[in-house]
Amino acid sequence: MYTLSQRLVFIGLALAGGLLILLMRQFLNDYILSIAGFVGIYVILAVSLNITNGFTGLFSLGHPAFMAIGGYTCAILTFPVQRKGYFLSGLPDWLAGTELSFFPALLIGGLFAALGSLLIGLPVLRLRGHYLAVATLGVIIIVQVLITNMGGITRGPLGLNGLPTLTNLWWVYLWVLITLYLGWKLKFSSFGRSMLAIREDEMAADCLGINLLRTRVQALMVGAFLAGVAGGLWAHLVTAITPKSFSLILAFTIVVMVVVGGSGSITGSLLAAVIFSMLTEAFRPLEESLNVYGIGEIVLSLILILILIYRPIGLFGTSEPGWLSPGKRKSLSGTAGD
Amino acid sequence: MLKIEDLHVYRGRTYVLKGISMEIAQGEVVALIGANGAGKTTTLKTISGLLPMKQGSISYKPDRTVQSSSLAGTGVEDIVRLGICHCPEGRGIFAGLSTAENLMAGAYLRRDKAAIQEDYQRVCKLFPILGERRKQVAGSLSGGEQAMLAIARALMGRPKLLLLDEPSLGLAPLVVATIFEMLAEINQQGITILLVEQNAVMALELAHRAYVLETGTVALSGPSREIASDDRVRKAYLGGRT
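Residues numbered from 1 in each chain as written. Chains lettered and ligands numbered in written order. Predicted model: local features only at pLDDT ≥ 70, side-chain atom pairs only at ≥ 80, totals over all residues.

### Observations regarding the overall build of chain A
Here is step 1: Along chain A, the regular secondary structure elements total 15 helices and 2 strands.
Here is step 2: Here chain A has a C-alpha radius of gyration of 20 Å; the compact-globule value for 338 residues is 20 Å, and the two agree.
Here is step 3: With the C-alpha coordinates aligned to their principal axes, the bounding extent of chain A is approximately 65 × 50 × 40 Å.
Here is step 4: Each of the 338 residues in chain A was classed as buried or not, and the buried ones make up 45%.
Here is step 5: Residue pairs at least 24 apart in sequence account for 81% of intrachain contacts in chain A once pairs closer than 6 positions are excluded. (Helix = DSSP H or I, 4+ residues; strand = E, 2+ residues; numbered from the N terminus. Rg over C-alpha atoms; globule rule 2.2 N^0.38 Å. Buried ≥ 20, exposed ≤ 12 C-beta atoms within 10 Å, placed from the backbone. Contact = placed C-beta atoms within 7 Å.)

Quick look at the structure:
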């Protein structure tokens with residue numbers, strides 16, 4: 001599919017990113033490094049939501065809920081055993097005695113989030129239209145209420161704090177790479193095409209033998225898995241997690257990133273996530289000195305309105321930059337199989 | 001190849017097909033004509049599994065060596081696997097995808113990469129314009145090109161029976177003629193076609209046999225030539241004088 005030089009470009013970009021992180025860790029202070037961590041997490045969130053909302057055209061707002069599921073799961077798994085007995089009295093013994101390292105904990109967090117999305121997806125995705133948006137809104141609330149009331153496992157409204165600072169830029173970068181790779185592979189595969197086909201014309205997709213429900217549920221689950229991982233990274237970057245950590249506002253922020261970047265474009269979501277999360281941080285000093293809060297949000301809203309008026313398909317539409325797209329061979333092979 | 005017996009279908013609460021029976025033999029082109037609301041599209045959708053049947057049976061025998069099987073209760077996906085490809089009304093082009101991606105989506109259920117490539121080349125030979133436009137976003141193709149793309153995409157599924165719903169819809173007469181030539185060629189390659197058409201003249205010219213539907217029942221059936229010379233049909237669909 002890809003020419004050799006394209007492959008080299010991808011590897012080069014990945015290495016350049018690694019080098020950038022190496023330099024940042026050398027020369028920048030912890031505050032800026034943690035901001036960079038958030039930027040990376042936003043990239044994971046935007047690209048993963050794009051798989052659900054952009055590729056498949058499902059309007060999910062459930063990312064905060066999946067992040068909460070993933071974040072809490074991961075946090076409980078990495079919580080030091082000595083403190084577990086005191087803080088989390090409700091844990092079953094086998095869980096109270098386990099302390100996993102970061103990577104498996106993240107994976108399990110992601111899997112739980114995907115499982116959660118399966119439970120929502122199976123009933124809701126049978127319907128056509130915007131039921132998913134409403135249902136996922138409800139899920140954010142349900143997850144918050146559950147976490148608040150399962151005090152023995154989650155410490156309820158107090159949340160879990162004093163988590164080990166496991167997230168560093170390398171971990172975030174690793175998952176950014178995994179997310180981008182997964183999104184890219186998906187987009188240019190038969191499976192990705194079936195998602196796009198559903199977005200474009202459900203009836204025709206059905207006629208070609210694409211199983212609508214299964215494909216939709218799978219798209220939701222892939223997005224939820226990555227959101228769960230992002231939740232775990234987030235929790236161990238902030239070193240605390242409460243039921244209120246992941247709110248509806250977060251869902252809107254990520255949706256805005258996807259819309260501005262272009263529904264279906266991985267490059268678009270990547271850039272939009274980087275720009276937006278950096279802009280919000282950039283306005284913070286200004287907000288503090290003027291003692292006026294919300295300037296960042298106002299600017300973001302303005303950008304969204306301007307994009308919707310002048311470029312409603314988003315920065316990149318559905319496509320990727322030409323020099324990164326596969327299928328440059330001369331034959332008629334197009335984008336076969338993969 | 002396909003045998004429909006006493007088929008009753010409801011769409012919501014509306015009683016659309018009131019017991020139709022028809023038969024399609026291997027290698028045939030069969031036309032299904034009739035006025036709006038007669039149940040033509042409903043018949044196709046029921047065959048391809050998009051609509052459930054209330055009563056009756058559809059049995060399908062892909063080729064001579066295989067036992068015929070009932071399509072009742074079979075999912076769309078499995079029906080496509082059995083070699084029945086439905087080209088929906090209004091074409092259902094994936095406007096945001098490129099021409100090549102549209103064609104590849106047609107081979108969604110297939111895993112034989114080499115054969116898919118072969119078919120891709122074959123389809124591009126049959127419709128050269130699609131090969132030329134392979135990178136173009138399908139939404140920017142002309143109406144005629146989109147109609148060809150829809151047929152070509154269905155061919156990518158290696159159908160044995162092709163269900164076509166109004167391929168001539170909204171096209172200029174010259175383009176319609178081209179499309180029908182293509183259909184004749186596709187049929188010659190051994191693909192059986194069930195064709196739903198408003199354009200009865202063209203449909204009866206291409207088809208070997210035809211069924212005329214009227215408000216959910218088969219009003220008339222027989223070889224195309226006979227149908228075309230039937231007074232009632234001439235009056236109602238062919239614009240002929242009595």
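### Some thoughts on the overall build of chain B
Here is step 1: Each helix and strand in chain B was counted, giving 10 helices and 10 strands.
Here is step 2: Relative to the 2.2 N^0.38 estimate, which gives 18 Å for 242 residues, the radius of gyration of chain B is 18 Å and therefore close to what a compact globule would have.
Here is step 3: If one aligns the C-alpha atoms of chain B with their principal axes, the spans along those axes are about 50 × 40 × 35 Å.
Here is step 4: Taken over 242 residues, chain B has a buried fraction of 48%.
Here is step 5: When contacts within chain B are restricted to residue pairs at least 6 apart in sequence, those whose partners lie at least 24 apart make up 68%.

### Describing unusual backbone geometry
All names here are of chain A.
Here is step 1: Residues other than glycine seldom take positive phi values, yet Thr-239 does so here, at roughly 65°.
Here is step 2: Mapped onto the fold, Thr-239 is located in the loop between helix 12 (212-238) and strand 2 (240-241).
Here is step 3: On the neighbour-count criterion, Thr-239 (15 C-beta atoms within 10 Å) is partly exposed.
Here is step 4: At Asn-291, a residue that is not glycine, the phi angle is positive and equals roughly 60°.

### Some remarks on the environment of Asn-50 of chain A
Residue and element names in this part refer to chain A.
Here is step 1: Mapped onto the elements, Asn-50 comes out in helix 2 (residues 30-55).
Here is step 2: Taking the C-beta count within 10 Å as the criterion, Asn-50 has 30 such neighbours and is therefore assigned buried.
Here is step 3: A C-alpha to C-alpha distance of 9.5 Å links Asn-50 and Gly-261, two positions 211 residues apart in sequence.
Here is step 4: Ignoring sequence-local partners within four residues, the contact set of Asn-50 consists of Phe-55, Gly-183, Val-258, Ser-263, Gly-264, Ile-266 and Ser-269.

### What about helix 2 of chain A?
Residue and element names in this part refer to chain A.
Here is step 1: Here helix 2 spans 36 Å end to end across 26 residues, near enough to the 38 Å set by a 1.5 Å rise per residue.
Here is step 2: Leu-49 marks the point of greatest bend in helix 2, at about 30°.
Here is step 3: With 19 of its 26 residues buried, helix 2 lies for the most part within the structure. (Expected span 1.5 Å × (residues − 1). Bend = angle between axes of the 7 residues up to and from the residue.)

### Remarks on the interface of chain B and chain A
Note on interface size: it is often stated as the accessible area lost on association of the parts.
Here is step 1: Across the contact, 30 residues belong to chain B and 22 residues belong to chain A.
Here is step 2: Taken together, the elements giving at least two residues each to the side of chain B that touches chain A come down to helix 2 (76-81), helix 3 (99-106) and helix 4 (113-126) of chain B.
Here is step 3: The residue makeup of the side of chain B that touches chain A, split by class, is 16 nonpolar, 9 polar and 5 charged. (Nonpolar A, V, L, I, M, F, W, Y, C, P; charged D, E, K, R; others polar.)

### What about the packing of helix 6 (residues 102-124) of chain A against helix 12 of chain A?
How two helices pack is summed up by the angle between their axes together with the distance between the axes.
Residue and element names in this part refer to chain A.
Here is step 1: Running from amino to carboxyl end, helix 6 crosses helix 12 at an angle of 145°, the nearest separation of the two axes being 7 Å. Note that helix 6 runs across helix 12; the crossing there is right-handed.
Here is step 2: Grouping the amino acids of the contact of helix 6 with helix 12 by side-chain chemistry returns 17 nonpolar, 8 polar and 1 charged. (Axes fitted to C-alpha atoms, helices over the stretch in contact; angles between N-to-C directions. Left-handed = near helix turned anticlockwise from the far one by under 90°.)

### Section: the sheet that holds strand 1 (residues 2-11) of chain B
Each strand in a sheet pairs with its neighbour through backbone hydrogen bonds, running either in the same direction (parallel) or in the opposite one (antiparallel).
Residues and elements named next belong to chain B.
Here is step 1: Here 4 strands make up an open sheet; going across it, the order is 2-1-4-5 and the pairing antiparallel. Of all the strands in the sheet, just strand 2 (14-24) and strand 5 (69-70) have a single pairing partner and so form its edges.
Here is step 2: Examined bridge by bridge, strand 1 and strand 2 share 8 bridges and lie antiparallel to one another. Bridge assignment links Tyr-10 to a residue of strand 2, and that residue is Tyr-15. (Pairing = 2+ DSSP bridges.)

### Description of the confidence of the model for chain B
Low pLDDT marks stretches whose predicted atomic positions should not be read closely.
Here is step 1: For chain B, mean pLDDT is 90; residues scoring 70 or higher make up 98% of the total.
Here is step 2: Here the predicted complex scores 0.85 on pTM and 0.81 on ipTM. (pLDDT = per-residue confidence, 0-100.)

### Details of the sheet that holds strand 3 (residues 29-34) of chain B
Residues and elements named next belong to chain B.
Here is step 1: Pairing within the open sheet is mixed, and its 6 strands lie in the order 6-7-8-3-9-10. Bordering the open sheet on either side are strand 6 (84-87) and strand 10 (217-223), each of which pairs with just one other strand. Going from strand to strand, the sheet's axes swing by 15° on average, the running direction of each strand aside.

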